Each structure stands twice: as structure tokens, then as C-alpha cells.
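Here's the letter readout for the chains.
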Amino acid sequence: MANHDAGTRHGFSMLGLLCAVASVLLQHGALGQRVKVEPEVSSYLGETVDLRCSFSDATGTQLTMVTWIYEPKDGERINIAVFHPRFDPNYPDSPMKGRVSFTTVPVNLISPSIQIRDVRLTDEGKYICEYATYPRGNEQGITYLVMLAKPHNSASIVTEDAGTKTVVVATCESVDGRPPAQISWVTTANGNATTVSKPGVDNTVTVSSEYRMVPTAKDNGKDISCIVDHRTQTKSESFPMKLAVQYAPQVTIVGYDNNWYVGRTNVLLTCQATGNPVPLSVLWKTMSGVMPDTVQINGKELKVLKVDEAVNTTFVCEVKNRIGTGRDQVTAIVREPAVNSSNAGVVAGAVIGSLLALLLVGALIGVLVTRSRRQQQGYRANGGSDRKTRIFGGGKKASKNGTGGGAGGGGVGGGNNGPIYVYDSSSQQGLGEKNNHHQPLTMAGRPEIVATTPTAQDILLSNELDDAERRKFDELEEEERYDHFSGGAPILQLRPPHDQGDIIGDYLDDDMESQRDGSVISRTAVYV
């Protein structure tokens, strides 16, 4: 129970403290709001400025006196105007004396506003309208007078030589402004700005800014702008400029295409140079010291009228200005004359024509070879045997053994019933004898058995050939040799029946053919 009472008392005491603090704050707020003034007033040099003041609610309060007090930014407070209802307005000694006065006539304590004529920049500061009241004491309101001075803004470029040290390349100033101006820079150059302020006339401020960097030839001509902001300006004031960096000429020779051939005409070299200041002179020369006769020089241009071996040299271009000298060189290589496009076409046509001719000749040779092979294959059969059989047909004469030679007889001269001589090229036996389907019969009607095999030489010698026939035989031997035929296929050559009367003895008069091995075979032969 005791603890409960103690807690209750503690709660009431805290509540009472909070109420007291709130009451003090409300009273202070109410009192601060009764003196009405403008928080800030601005004016330009030489103008007239009004500082208003009034007491909003004087109920229950006796207004005794009002005083205007000037408090500079750096200095002591000074009374500049005083009014008491029982006395006339009073203006104590101050920097504003003779320029300050109450605005209402007659002056009253409800609205004791003042006016300052021909304001000066030194008039800037804090102005306090203070009431002496009863029973509450003094109450006041504060107005800040801001003096404005529109500055004179400017910017300029500082010309510097390219180098390795940091220097000032541009400046910007805002002179005699109030309040101080704000300066900024806009550029792509790599540098930094430094800004300082210093007092001007009549309490104004001059702001100066410098842009510093290490200037190079590449920085010459770059854009840079100074931007000035001030309260008196409706918008920012900009000063666009271009950096000015002086440097020795930078030289480049253009026009050489690495295609100078003997006989080429009117080739041109141009010496291009940049520098600050502008280059004053251009000098062409060669490394050898001798300028070819076919060269013409016109300022920055060098023209070769006709390319020859003399221009196979190194050309040098030198350019000078106040800062220094720049140079560039190009080595000309003279080549053989270029191939004419028309000649090239002729050469290409000749090459293509030669290729086509070779192709046609090859095709013709192929056709001839193919045709020759086909003609040779006309004498071939399906076989491939090297055995060749020579059949010597019967003639008008009977054989020496007395056998008959009729169409159905079995003699040598009877049709194809005579002896068959077989020539085997795969063996060394040469010409052999083979019985036909009808063997020769004896007088008794039995088949005759041939004991020996006659050779081709025997057959040739058995005939009585005269010299004319032998020459004819030799010519045929040369024209129609057996080895002229490439294959071993059987070939059938038959003599027409009306030629049978030309048979000499048992053989044909022009049917014999000698071979390399010394044998003689019949041209009327059957290959099996």
C-alpha cells in the first residue's frame, strides 16, 4: 500500500513538471510572435530599403518605447532610431544617420517601421526591432538586410607551351559581387581548378578561379568553359573558350602508295603539319642531298613528273615555327613497270588457248588409240590361246603319195581334208601336223598314218617358186607379219572358190607368210 502511494505521488510530480515546461514554452512562443518583422530583406547598392515592424496584440500590455538596433556582421550593436510617445523620434549617431527615418507620420508604437535611403554595401547586417513593454519587459523581432552587388564576370585563356610542369591555362573572375559568386569549370582536359576570394570595394567580394594542368599538344584547341553563378543573375553565366597550347610542328608526309614504278607520271607527296603557332616554313630535301631533276616543289607539295631510278631515294620534309622544328620522311622504292592490263589479257588468253589446244590434242590421240584398239579387236575372237592352226587347202594337183583329190576324197588337195599344220607359239615345236576330221585313206580304204611332221621350210622348198613369186612373198611378209596382231584370238580368212586356180602345187601361190622363227604359214588360216 505504501509503495502504491509513493508511485502515485511520483507520477503526479512528473505530470506537474511537464505542464510547467509546456506553459513556459507557450508563453515564450506567444511573446516571440507578437513582434512582426520580415526575416530577410535584400537591396542593391544605392537603393532605398524599408524595414517593417509591428506589434500584433497589445492587449494587457503597455507599450513603452521602440528602438531599432543595427548589428553588423563583425562589430558592436548600434541604436539607429528610437521612439517614445512622449518625445520626438530620435536618430543617434550611426553610419545610417541622415539616411534612416520612420516611415509613418506621426510615428506610433503599433507600426514603427523605418526606411534607409541610398543603402551602402556596408549597411548589410542584422536589424532588430525591440519593444519595451510593461509588465513583460522587452520583446523583439530580427530582420537580416542582405546587400546585393551584381559582379562583373570574365574569363580568359592563358597560352602556355607544351611541357611537363603544371601551369595555369585558363582564368575566370567574378569581381565586386555580393554575396560571393560561385565558379565552376567544364572541360575534357585533365586538370584541376583552384578558387580564391578576396574583399572588394564597398564590402563586395571578388572571386578568382584558375584552371591548372600539364599542357600537351593534344590539349591545344580543347573546349573549356567557366560557369559563374550569382544571386543577382537569373541564370548561370557561361564563358566557352578553347585551350591554347603552343608546340613544335608535328609533320606527316602523305601520298606515297608504295607503287612507284618506272615510267609512272605525276605522283604527289604532301607535307601535312600542325603546330601552334602556325608553321612558318616548309623545306623539302633528300637524305642523299640531291633532289632529282624530275621533281617539282610547290610549298608543302612535292610532285614527281616521271618516276625513274633517280627518285629511288628518301624524301624529307622539315617544318619550323617559333617553338621548334618538326620533320617526317618517306623512302620511295622504284619498281619495274606495271603490267598493262591489255597485255595481261593477251597473255591470259594465250595460256588458256594453249591449254585448250593441249586438251584437244589429247582427246584426238585418245580417239585414235581407241579406234586402233577397236580395229585390232576386230581380228580377235573370245579365246586367248597361243595355239594357231594352219590349214593348207588342196589345189589342183594331187599329193605325191597318189591319193585322190576329189570333193569327197581324202587326198591332200581335196577341200580341207588335207593335212592340218598346227603352230603352237607357246611351245618350241613350231609347226606340227594334226589330222582333220577326215583322215587320208590308202588304196585299201584305211586311214593313212603320216610318220613325220613336215616343217614350214620343207613346205616352202617343196614348191617351185620363181623369183617374182618370192619377191611378192617377201613384200607380203613385211606388210603382214604374224606378230602385227596383238592378241591370240582366232582369225578366219577364207579364200573365194574362184581363186583356187592360183594354187601352186599343194599350196596357194600367194598365201604363204614367213615368221620370225623361220617358219612359213598360210595366210588363208583358221585360228581355233
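All values derive from a computational prediction rather than experimental measurement.

**Observations concerning the overall build of the protein chain**
Each helix and strand in the protein chain was counted, giving four helices and 34 strands. Buried residues in the protein chain amount to 34% of all 528 residues. Approximately 31700 Å² of the protein chain is accessible, and the part contributed by carbon and sulfur atoms is 53%.

**Section: a nonpolar patch on the surface**
Where nonpolar side chains cluster on the molecular surface, the patch consists of Val 351, Leu 355 and Leu 358 and spans about 300 Å² of accessible area. With respect to the element layout, Leu 355 can be found in helix H2 (residues 341-377). Leu 355 gets classed as partly exposed once you look at its relative accessible area, which sits at 48%.

**Details of the pairing of strand E17 (residues 223-229)**
With five of seven residues buried, E17 lies mostly within the body of the structure. Inspection of the sheet shows strand E14 (residues 182-187) paired to E17 by six bridges, in the antiparallel sense. Counterpart to Gln 182 in the pairing with E17 is Asp 229. Here E17 runs beside strand E18 (residues 237-242); their pairing, made up of six bridges, is antiparallel. Within E18, the position partnered with Asp 223 by the bridge is Lys 242.

**A closer look at the sheet that holds strand E21 (residues 265-276)**
Read from one edge of the open sheet, five strands run E12-E19-E21-E24-E23, paired in mixed fashion. The strands lining the two open edges of the sheet, one partner per strand, are strand E12 (160-161) and strand E23 (295-298). Two elements, E23 and strand E24 (residues 301-306), share four bridges in a ladder whose sense is antiparallel. Bridging across to E24, Asn 298 finds its partner in Glu 301.

**With respect to the pattern of salt bridges**
For the structure on display, the rule yields 13 salt bridges. A salt bridge links Glu 210 to Arg 212, with the shortest nitrogen-to-oxygen separation between them at 2.8 Å. Asp 257 is the partner of Arg 264 in a salt bridge, and the nearest nitrogen-oxygen pair spans 3.0 Å. For Asp 257, a relative accessible area of 39% corresponds to the partly exposed category.

**Comments concerning the sheet that holds E17**
Here three strands make up an open sheet; going across it, the order is E14-E17-E18 and the pairing antiparallel. Sheet topology places E14 and E18 at the edges, where each strand pairs with a single neighbour. When the angles between neighbouring strand axes are averaged without regard to direction, this sheet yields 20°.

**What about the side chain of Glu 124?**
In this structure, Glu 124 sits in the loop between strand E8 (114-116) and strand E9 (125-134). Dropping the residues within four chain positions of it, Glu 124 is found in contact with Tyr 70, Pro 72, Leu 145, Val 146, Met 147 and Arg 178.

**With respect to the state of the cysteines**
By the definition in use, this model includes three disulfides. Two residues, Cys 172 and Cys 226, share a disulfide whose sulfurs are 1.7 Å apart. Taking the sign of the S-S torsion, -75° for the link of Cys 172 and Cys 226, the bridge is left-handed. Residue Cys 172 is found in strand E13 (residues 167-177), and its partner Cys 226 is found in strand E17; the two are separated by 54 residues along the sequence. Each member of the pair, Cys 172 as well as Cys 226, is classed as buried. The partner cysteine of Cys 271 in its disulfide is Cys 317, sulfur to sulfur 1.9 Å. Around the S-S axis, the bridge from Cys 271 to Cys 317 shows a dihedral of about -90° and counts as left-handed.

**With respect to the packing of aromatic side chains**
Where two aromatic rings form a pair, the distance of their centres and the angle of their planes describe that pair. Enumeration according to the criterion identifies seven aromatic pairs in this entry. Here the aromatic rings of Tyr 256 and Trp 260 are separated by 5.2 Å at their centres, their planes lie at 70°, and the arrangement is edge-to-face. Residue Tyr 256 is classed as partly exposed on the basis of its relative accessible area of 22%. Trp 260 gets classed as buried once you look at its relative accessible area, which sits at 1%. Through successive ring pairs, a cluster of aromatic residues spans Phe 83, Tyr 91 and Phe 102.

**Some points on the side chain of Ser 113**
Tracing the sequence through the fold places Ser 113 in the loop between strand E7 (100-102) and E8. The exposure class of Ser 113 is buried, given its relative accessible area of 7%. A polar contact of 3.0 Å, which involves the side chain of Ser 113, links it to the backbone nitrogen of Cys 53. Residues in contact with Ser 113, not counting those within four places in the same chain, are Leu 51, Arg 52, Cys 53, Trp 68, Ser 101, Phe 102 and Thr 103.

The rules behind these values
- Residues numbered from 1 in each chain as written.
- Predicted model: local features only at pLDDT ≥ 70, side-chain atom pairs only at ≥ 80, totals over all residues.
- Heavy atoms only, no water.
- Helix = DSSP H or I, 4+ residues; strand = E, 2+ residues; numbered from the N terminus.
- Buried < 20%, exposed > 50% of the residue type's maximum accessible area, 1.4 Å probe, protein only.
- Areas by Shrake-Rupley, 256 points an atom, 1.4 Å probe, with all protein chains shown as cover.
- Patch = residues over 30% accessible without salt bridge, like charges linked within 9 Å, V, L, I, M, F, W, Y side chains within 5 Å.
- Salt bridge = Lys/Arg side-chain N within 4 Å of Asp/Glu carboxyl O.
- Pairing = 2+ DSSP bridges.
- Axes fitted to C-alpha atoms, helices over the stretch in contact; angles between N-to-C directions.
- Contact = heavy atoms within 4.5 Å.
- Disulfide = S-S within 2.5 Å.
- Phe/Tyr/Trp six-rings, centres within 6.5 Å; stacked < 30°, edge-to-face > 60°.
- Polar contact = N/O pair within 3.5 Å; in protein donor to acceptor, adjacent residues only side chain to side chain.

As far as function goes, none of this settles anything; it's purely spatial.
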